[in-house]
Amino acid sequence: AKTEGRDTYRYFEASMGAEARDKRVMEHELRQAVARDEFYLVYQPQKEISSGKMVGFEALIRWRHPERGDVPPSIFIPLAEDSGAIGQIGDWVLTAACREAASWENPLTVAVNVSAVQLHNPNFSRKVHETLLKSGLAAARLELEITETALVKDMPRALASLRQVKALGVRVAMDDFGTGYSSLSNLRAFPFDKIKIDGSFIKSVDTNGQVAAIVRAVLGLGRGLGLPVLAEGVETLGELKFLDAEACEIGQGYYLGKPAPIEAFGDLTGHGKRV
Ligand code: C2E
Ligand code: CA
Ligand code: CA
Ligand code: CA
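No experiment lies behind these values; they were computed from the predicted model shown.

**Some remarks on the confidence of the model for the protein chain**
1) Next: Summarising the model, the protein chain shows a mean pLDDT of 91, and 93% of its residues fall at 70 or more.
2) Next: Here residues 1-12 is a poorly scored stretch, pLDDT under 50, and it has 1 contact once near neighbours within four places are set aside; other chains count.
3) Next: Across the assembled chains, the prediction reports ipTM 0.98 with pTM 0.93.

Here you go:
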């Protein structure tokens with residue numbers, strides 16, 4: 001029976017496409033990657049547009065695979081979400097980002113991406129609370145970035161999680177605003193503290209009238225709701241000038257600073273400085 005089982009397995013594997021096999025292997029490797037210490041974080045500056053002043057960093061995960069090299073999160077995060085590995089990976093990200101930020105001299109905020117699976121875990125807010133206590137990071141310095149697609153699976157559960165983390169003093173930002181299909185009702189139903197306009201709207205905002213009209217409308221929406229707006233993917237001076245003229249509060253993008261290991265920002269965080 002044992003041999004038969006193995007043959008059946010082989011047959012199954014041979015019938016899978018190379019892509020599916022590759023995916024299965026990667027899912028397996030993802031589950032081991034935390035223990036093997038293959039993840040690390042890079043940080044991207046978030047700046048007040050009117051002054052250029054740094055207000056915080058978004059933490060972005062990187063996976064250095066021993067053979068494949070750097071695997072982009074756009075590839076492995078969806079796999080981790082499908083396979084369930086995202087729970088463990090998400091815990092690792094939250095812990096690493098809070099610990100890191102707690103060590104900074106400058107009390108800048110740290111923004112952490114949260115996936116649907118994490119948000120729908122009934123223990124989510126307890127994990128956030130424990131992580132804050134263990135790291136010593138003040139709740140007000142943590143911001144959680146949540147996409148609309150992460151809300152829809154079980155809206156009452158997602159709403160409960162958001163309320164619970166907000167009760168701790170943690171802020172929540174709606175990520176990738178404009179790319180979902182019911183942005184407006186979600187803004188009303190969920191207690192967000194910030195709107196992050198997706199980078200696809202910032203590209204050519206200064207040269208395309210249609211795009212400019214959309215971004216202006218989102219800025220008006222933020223003003224009306226009393227929510228600051230962050231523009232993602234700011235890549236040029238022209239885009240930044242448009243956003244400044246339209247009084248967009250915060251910017252993030254290659255023009256303002258690329259994601260990099262925290263040591264690159266030593267002057268702001270106190271890293272590498274000898275006391
Ligand atoms: P996101 O949350 O929208 O993150 C912004 C992405 O835009 C990052 O890609 C960043 O490197 C990139 N970016 C920043 N400035 C610019 C710019 O000026 N132009 C362009 N074209 N891109 C810019 P990255 O790091 O590859 O991450 C991709 C996505 O993977 C993220 O999108 C997020 O959805 C997910 N992700 C990254 N880290 C984590 C994490 O720790 N947990 C979870 N759940 N998801 C993560
Ligand atoms: Ca994000
Ligand atoms: Ca985003
Ligand atoms: Ca995105």
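That shown, we press on.
**A word on the environment of R126**
1) Next: The residue R126 is located in helix α6 (residues 124-135) in this model.
2) Next: The spatial distance from the C-alpha of R126 to the C-alpha of R223 is 32 Å, given a sequence separation of 97 residues.

**Re the coordination of the calcium ion (ligand 2)**
1) Next: E58 (OE), N113 (OD1), E145 (OE) and D175 (OD) make up the full set of protein donors to the calcium ion (ligand 2), lying at 2.2 to 2.4 Å.
2) Next: Expressed as a motif, the donor residue spacing for the calcium ion (ligand 2) is E-x54-N-x31-E-x29-D.
3) Next: Between the calcium ion (ligand 2) and the calcium ion (ligand 3), a separation of 3.8 Å is found, and both are coordinated by D175. Pair noted here: N113 is in strand β4 (residues 109-114) and D175 is in strand β6 (residues 171-177), with a separation of 62 residues, a long-range link.
4) Next: Taking the relative accessible area as the measure of exposure, N113 reaches 29% and is therefore partly exposed.

**Some thoughts on the site of ligand 1**
1) Next: In the vicinity of ligand 1 there are 19 residues, among which Q44, R62, N113, E235 and Y254 approach most closely.
2) Next: Contact distances for ligand 1 include 3.0 Å between a nitrogen atom and a side-chain N or O atom of Q44.
3) Next: Between an oxygen atom of ligand 1 and a side-chain N or O atom of E232, the distance comes to 3.5 Å.
4) Next: Taken by itself ligand 1 offers 800 Å² of open surface, and the protein chains cover 76% of this.
5) Next: Grouping the constituent residues of the shell around ligand 1 by class yields 8 nonpolar, 5 polar and 6 charged.

**Notes on a nonpolar patch on the surface**
1) Next: There is a patch of nonpolar side chains on the surface, built from V152, M155 and Y181 and spanning about 320 Å² of accessible area.
2) Next: With respect to the secondary-structure elements, Y181 resides in the loop between β6 and α8 (183-189).

**A short note on the pattern of salt bridges**
1) Next: According to the stated counting rule, one finds 12 salt bridges in the structure shown.
2) Next: Close ionic contact of K23 with D82 constitutes a salt bridge, the shortest N to O distance being 4.0 Å. Of this pair, K23 sits in helix α2 (residues 18-33) while D82 sits in helix α3 (residues 73-83), placing them 59 residues apart in sequence.
3) Next: Under the relative-accessibility criterion, K23 is labelled partly exposed at 38%.
4) Next: What makes D82 exposed here is its relative accessible area of 59%.
5) Next: Two residues, K194 and E143, come together in a salt bridge whose shortest N-O distance is 3.1 Å. Of the two residues, K194 sits in strand β7 (residues 194-197) while E143 sits in strand β5 (residues 142-147), which places them 51 residues apart along the sequence.
6) Next: Through salt bridges that share partners, E58, E145, K196 and E232 make up one connected network.

Criteria and thresholds
Residues numbered from 1 in each chain as written. Chains lettered and ligands numbered in written order. Predicted model: local features only at pLDDT ≥ 70, side-chain atom pairs only at ≥ 80, totals over all residues. Heavy atoms only, no water. pLDDT = per-residue confidence, 0-100. Contact = heavy atoms within 4.5 Å. Helix = DSSP H or I, 4+ residues; strand = E, 2+ residues; numbered from the N terminus. Donors = N, O, S within 2.8 Å, 3.2 Å for Na, K, Ca; no water. Buried < 20%, exposed > 50% of the residue type's maximum accessible area, 1.4 Å probe, protein only. Near = heavy atom within 4 Å. Polar contact = N/O pair within 3.5 Å; in protein donor to acceptor, adjacent residues only side chain to side chain. Areas by Shrake-Rupley, 256 points an atom, 1.4 Å probe, with all protein chains shown as cover. Nonpolar A, V, L, I, M, F, W, Y, C, P; charged D, E, K, R; others polar. Patch = residues over 30% accessible without salt bridge, like charges linked within 9 Å, V, L, I, M, F, W, Y side chains within 5 Å. Salt bridge = Lys/Arg side-chain N within 4 Å of Asp/Glu carboxyl O.

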